[in-house]
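Now for the letters of each chain:
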Amino acid sequence: MKPAPATLGELIAALGGDLFGAPETRIERIAPLDVADAASISFLANPKYQAQLASTAAACVIVAPAAADAARARGAAIVTPDPYRYFARLTQWWAGRVRPAAATGVHPSAVVAEDAVLGDGVLIGPQAVIESGARIGDGVQIGAGSFVGRNAQIGAGTRLAPRVVVSFDCQIGERCIVHSGAVIGADGFGFAPSPEGYVKIEQLGAVRIGNDVEIGANTCIDRGALGDTVLEDGVKLDNLIQIAHNVHIGRHTAIAGCTAIAGSTRIGAYCTIAGAANIVGHLTIADKVHVSACTLITRSISEPGLYTGVYPFEDNASWEKNAATLRRLHQLRDRVRTLEAAPHSNKTPAP
Amino acid sequence: MKPAPATLGELIAALGGDLFGAPETRIERIAPLDVADAASISFLANPKYQAQLASTAAACVIVAPAAADAARARGAAIVTPDPYRYFARLTQWWAGRVRPAAATGVHPSAVVAEDAVLGDGVLIGPQAVIESGARIGDGVQIGAGSFVGRNAQIGAGTRLAPRVVVSFDCQIGERCIVHSGAVIGADGFGFAPSPEGYVKIEQLGAVRIGNDVEIGANTCIDRGALGDTVLEDGVKLDNLIQIAHNVHIGRHTAIAGCTAIAGSTRIGAYCTIAGAANIVGHLTIADKVHVSACTLITRSISEPGLYTGVYPFEDNASWEKNAATLRRLHQLRDRVRTLEAAPHSNKTPAP
Amino acid sequence: MKPAPATLGELIAALGGDLFGAPETRIERIAPLDVADAASISFLANPKYQAQLASTAAACVIVAPAAADAARARGAAIVTPDPYRYFARLTQWWAGRVRPAAATGVHPSAVVAEDAVLGDGVLIGPQAVIESGARIGDGVQIGAGSFVGRNAQIGAGTRLAPRVVVSFDCQIGERCIVHSGAVIGADGFGFAPSPEGYVKIEQLGAVRIGNDVEIGANTCIDRGALGDTVLEDGVKLDNLIQIAHNVHIGRHTAIAGCTAIAGSTRIGAYCTIAGAANIVGHLTIADKVHVSACTLITRSISEPGLYTGVYPFEDNASWEKNAATLRRLHQLRDRVRTLEAAPHSNKTPAP
């Protein structure tokens, strides 16, 4: 990130908040509290780091009202109800200053079908391919080498990074971001067994993605078998995620990297699913369910809450002893039952 | 999927089966029993859903002989020994009606080496690259931006979706489908440690893929170190799978998404490996082995059957208590052993 | 791999080692001991395979001094202190013989910005895109359809396979190899929650990769949020790995396929992380830590060693019984405690 000096006054003018300190203070970068220098603006989002306020060298710290006094005691402060959200908006404002504005126009090396419909202010990057009947909304950016298939639709303001694939008939809403290598609309994995091998089930549905969705690098979202695979508004997917055919993901659900959701599972709204988790097919997961990393969800969940299923890691020698015992755990339970049933035991066996 | 009206009579003429009902009945879509409307054809493949027969609005249901009476009691029916396979064939027939036939020819933006050999009726999409010595069989479709390296071979009737990579010397058989982002023939992960860091082991083998194989989006199949990595006929791989160097996968084995098979492991025929499973290197897995989702296979398996190793998920509080106990499981076993050995216990300790 | 006959004398002249046998012996391939024929050279790196020395048909075997007598008793031998490293160097020499030398020059279909800086002897493949301000070092090879973004830097001698993405401002060192589909510099996964949904945190950092790094197919390395994501010299990453924003990986650490490292985690030098392992965010992992396959690391590790957390797999019926008991493990512990506390028990409860 190159420095792009701004003053606190400019920053407040753009983003709001209550400034305590000199508006002409010059800021060259955004940095965490422990790394910040005298040209940095920093933020305190988690009260457990409040002790770092005393030692940070930051020129200015964004804080909540509860930390305002402590912050002002050490220097300039911006006081705002939600410092983390303010920080997020600050990064957006900053990016708009340090990054060149997107160009518009169709690069001469791109291949755009004659009957594709391009909105106003569109950028079609080098070697992108836009097939017949595709509709590209206003202000869309299609990165270098990306592919938009037959009759696909890309909503206004959406940005495809280089080398994205959006297959035929798929729809992406407005203001979405799709990162490089993502594949939207490959065939779902469906076959009927037969004595001569598997018979392919053609995947006749597509993918429908709402507005304000972000999709990570090399993530795959398969097209539906009969109906569509659906991501509602505001869904955020990290990298290398697998969304199988006919999955439905509710609005504002966020899923971290390397997770897989198997076919026809329906996930509620406002869920968070940590990295490398897996959810088997044909389940229904309620709203506001949170799944821990590396957990396999094997049955539907009807209550909000945090769910976990992870073998705790240990040094390998300890693991080997415990894992060997685990393999005979059912026998161990029987042995305890036998002890409990012994005549000289006056204890009631547990249920 | 756009409606593409067909009559039951046309459908039977194409696919066979015994029709009970009016051949002129018009079908506009294929749908599951619970979603079907009066213009839908549906199917009953799993007897546990037979109760849905009574309530479905489908115009016609594909059923096995055992369900023929129940199906006919409610409307039109197609009776066939294997309704799921019939459904699969129906999707293929339907796709052939609603999707445009593939074009043929070499797009002017594609880069095809002079000495590459192209069969009859080939499609080379925009910005595809075909390197020197590559051989592309009759009727092959190479998607936009796909890459076929030096001396690679693609068998007749195979289809590469956009943005597929097939590296030099690799071979793909006939009638295969390779989805976008798949990488066939990247280097296997091989290094010799040395005091100055790892020394690369050049991967001198390639990848050999049989006929009727399907490979999912962003799946990786590495080239062999000395010999080749091999997929036999009829293998089906889902998305985001990692097949390491020198793996050998037997015919008609199907592997679900996000699974990884480590180097030199040999997997039998007719296996099914569920999603996010992992198999370590240098193992031999028998035919007809089935591996559950998220299971790590750490030793060879010589008997057919279903194998599982998954920590059962729970609400997080329950998990924390059980996981903490699991970390001391070996001690718990010793405590049981102590109790069993106590003089007033007349029970023989379990083995 | 095509045969490329060489004599043992040529081989020794290029690679050193002590040859026992006729220098004019002709070698056509490199093969493992159990597959080698009379035109093969093989190697014995692991003493546990020494019994194969007696039965191999190899023309020559590369061995350590301890196995020299056994090897010489059966035919030609090359004696060297580290046979596996010698084998690695042999594969490099062999690849240099059987593979055509890389071409140089800019393919006419590539799109190279006017102000991009290209070193000497560079190859820019067909349909590659090099954006404004990018710097491509001497001898770099950019594969077909690869993308190098604005102001990115690629160090001398580095090779990008086809369809690699290196995003703006990212830096790759010298002599690196990046395999197809890898995405370097997509946005890290960062959002601030708000009542209206997530607010994107623009990722203002980049990715910095040292020298002699190898990055596998479809692996993703996200750009940092404020600072950079860093891979030090000699790091080796396999396929389909996820490296989140602001991760720091120490030199000569090797990570196998399908592993994910969450945000801001710092991994030491000379670590090995097996396949499908996961490390949660904001941890510090010491040098020389080894993580087993499929293990989730949930807290920092300060001591070198091997760490494991894997549910051992079993036939499904055994797993079901043990897993059901595991769900009540904490209760089982309480039952043991109750037995221990019984008045007629003269044993001291374990801690």
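Everything numeric in this text was worked out from a predicted model, so none of it was measured.

Trainee: Is there a simple way to think about the sheet that holds strand E24 (residues 207-209) of chain C in this case?
Mentor: All names here are of chain C. Spatially, 9 strands are ordered E10-E13-E16-E19-E24-E27-E30-E33-E36 in an open sheet, and the strand pairing comes out parallel. Two strands close off the open sheet at either side, each with one partner strand: strand E10 (117-118) and strand E36 (284-285). Pairing of strand E16 (residues 153-154) with strand E19 (residues 171-172), which is carried by 2 bridges, proceeds in the parallel orientation. Bridge pairing links Ile154 to Ile172 in E19.

Trainee: Explain the UniProt feature "active site" (unreviewed entry) in chain A here, please?
Mentor: Residues and elements named next belong to chain A. UniProt annotation of "active site" (unreviewed entry) refers to His245 when read in the numbering used here. Turning to its location among the elements, His245 is positioned in the loop between strand E29 (242-243) and strand E30 (248-249). His245 sits in the buried class, given a relative accessible area of 15%. When sequence neighbours within four positions are dropped, the list of residues in contact with His245 reads Gly188, Phe189, Gly190, Gln203, Asp222, Arg223, Gly224, Ala225, Thr229, Gly263 and Ser264. Of note is the side chain of His245, whose polar atom sits 2.7 Å from the side chain of Gln203.

Trainee: Is there a simple way to explain helix H5 (residues 316-326) of chain B in this structure?
Mentor: A turn of α-helix holds 3.6 residues, and therefore any two residues three or four places apart point the same way. When we look at burial in H5(B), the residues that qualify are B:Asn316, B:Trp319, B:Asn322, B:Ala323, B:Thr325 and B:Leu326. In this structure, the buried residues of H5(B) make contact with strand E39 (305-308) and helix H5 (316-326) of chain A, strand E40 (314-315) and helix H6 (329-341) of chain B together with helix H5 (316-326) and helix H6 (329-341) of chain C.

Trainee: In this structure, what is going on with the relation of the copies chain A and chain C? I would like to understand it.
Mentor: Both copies of the chain are related by one operation, a rotation about an axis with a shift along it. By a simple turn and slide, chain A fits onto chain C: the slide is 0.0 Å along the axis, the RMSD is 0.0 Å, and the turn is 120 degrees. On the angle and the small slide along the axis, the relation comes out as a three-fold axis. When C-alpha distances to the rotation axis are compared across chain A, the minimum falls at A:Tyr311, with a value of 3.5 Å.

Trainee: Help me out: how do you make sense of the nonpolar core in this one?
Mentor: One recurring pattern in soluble globular proteins: nonpolar side chains tend to sit buried together. All names here are of chain C. Formed by 53 residues in total, the largest nonpolar core has its most connected members in Ile184 and Ile209. Of all the secondary structure elements, the ones that give two or more residues to this core are E24 and strand E37 (289-291). If we skip the residues at most four places from it in the chain, Ile209 touches Gln171, Ile172, Gly173, Cys176, Ile184, Ile215, Ile221 and Leu231.

Trainee: Hey, could you run me through the packing of helix H1 (residues 8-15) of chain A against helix H4 (residues 83-98) of chain A in this one?
Mentor: Each pair of packed helices can be summarised by the angle the axes make with each other and by the distance between the axes. Residue and element names in this part refer to chain A. In contact at an axis separation of 11 Å, H1 and H4 are set at 105 degrees when each is read in the N-to-C sense. It follows from the interaxial angle that H1 and H4 lie roughly perpendicular. Seen from H1, the contacting residues are Glu10, Leu11, Ile12, Ala14 and Leu15; seen from H4, they are Tyr86, Arg89, Leu90 and Trp93. For the contact of H1 with H4, the class distribution of residues is 7 nonpolar, no polar and 2 charged.

Trainee: I would appreciate a short explanation of the sheet that holds strand E39 (residues 305-308) of chain C in the present structure.
Mentor: Two modes of strand pairing occur in sheets, parallel and antiparallel, and in both the strands are linked by backbone hydrogen bonds. The sheet built from 12 strands is open, its strands ordered E40(A)-E39(C)-E37(C)-E34(C)-E31(C)-E28(C)-E25(C)-E20(C)-E17(C)-E14(C)-E11(C)-E8(C) with mixed pairing. Looking at strand neighbours, the two that pair on one side only are strand E40 (314-315) of chain A together with strand E8 (105-106) of chain C, the edges of this open sheet. The sheet contact formed by E8(C) and strand E11 (residues 123-124) of chain C spans 2 bridges and is parallel. Bridging from a neighbouring strand, C:Gly105 pairs with C:Leu123 of E11(C).

Trainee: What is the right way to read unusual backbone geometry from this model?
Mentor: Most peptide bonds adopt trans geometry, and most residues besides glycine take a negative phi value. All names here are of chain C. In this model, Arg175 sits at a positive phi of 55 degrees, which is unusual for a non-glycine residue. Positionally, Arg175 belongs in the loop between E19 and strand E20 (177-178). Overall, the relative accessible area of 44% leaves Arg175 in the partly exposed class. The backbone phi angle of Asn246 is positive, close to 70 degrees, even though this residue is not glycine. Structurally, the position occupied by Asn246 is in the loop between strand E29 (242-243) and strand E30 (248-249).

Trainee: I tried to follow the interface of chain A and chain C on my own but got confused; where do I start?
Mentor: Many structure descriptions define interface size as the accessible area lost when the parts assemble. On the chain C side, the residues contacting the 73 residues of chain A number 74 residues. Between chain A and chain C, roughly 6,100 Å² of surface is buried when both sides are summed, and carbon and sulfur atoms account for 65% of that area. At the junction of chain A with chain C, the criterion picks out 4 salt bridges. Notably, a salt bridge pairs C:Glu196 with A:Arg85, separated by 4.0 Å at the nearest N-O pair. Mapped by element, the contributors of at least two residues to the side of chain A that touches chain C are H4, strand E28 (236-237), strand E31 (254-255), E40, H5 and helix H6 (329-341) of chain A. Among the elements that take part in the side of chain A that touches chain C, H4(A) stands out by supplying 9 residues, more than any other.

Trainee: Would you mind showing me how to read empty space enclosed by the protein here?
Mentor: To find the voids left in a structure, one rolls a probe of water-molecule size over its atoms. Summed over the entire model, instances satisfying the criterion amount to 6 cavities of 30 Å³ or more. Taken as a whole, the largest cavity encloses approximately 530 Å³ of empty space. Lining the largest cavity we find 29 residues, and of these A:Ala276, B:Ala276, B:Asn278, C:Ala276 and C:Cys294 sit closest to its centre. In terms of residue class, the lining of the largest cavity is built from 21 nonpolar, 8 polar and no charged. Here the second largest cavity defines a volume of roughly 140 Å³. Considered class by class, the residues forming the lining of the second largest cavity number 7 nonpolar, 7 polar and 3 charged.

How each quantity is defined
- Residues numbered from 1 in each chain as written.
- Chains lettered and ligands numbered in written order.
- Predicted model: local features only at pLDDT ≥ 70, side-chain atom pairs only at ≥ 80, totals over all residues.
- Heavy atoms only, no water.
- Pairing = 2+ DSSP bridges.
- Helix = DSSP H or I, 4+ residues; strand = E, 2+ residues; numbered from the N terminus.
- UniProt positions renumbered as here; feature names shortened; annotations may be inferred.
- Buried < 20%, exposed > 50% of the residue type's maximum accessible area, 1.4 Å probe, protein only.
- Contact = heavy atoms within 4.5 Å.
- Polar contact = N/O pair within 3.5 Å; in protein donor to acceptor, adjacent residues only side chain to side chain.
- Least-squares fit on C-alpha atoms with pLDDT ≥ 70 in both.
- Core = buried A, V, L, I, M, F, W, Y, C linked by side-chain atoms within 4.5 Å.
- Axes fitted to C-alpha atoms, helices over the stretch in contact; angles between N-to-C directions.
- Parallel < 35°, antiparallel > 145°, perpendicular 65-115°, else oblique.
- Nonpolar A, V, L, I, M, F, W, Y, C, P; charged D, E, K, R; others polar.
- Buried area = accessible area lost by both parts, 1.4 Å probe.
- Salt bridge = Lys/Arg side-chain N within 4 Å of Asp/Glu carboxyl O.
- 1 Å grid on protein atoms, 1.4 Å probe; cavity = no way out; pocket = protein on both sides within 12 Å on 5 of 7 lines; lining within 4 Å.
- Points joined across faces, edges and corners; volume = space filled by probe spheres on them.

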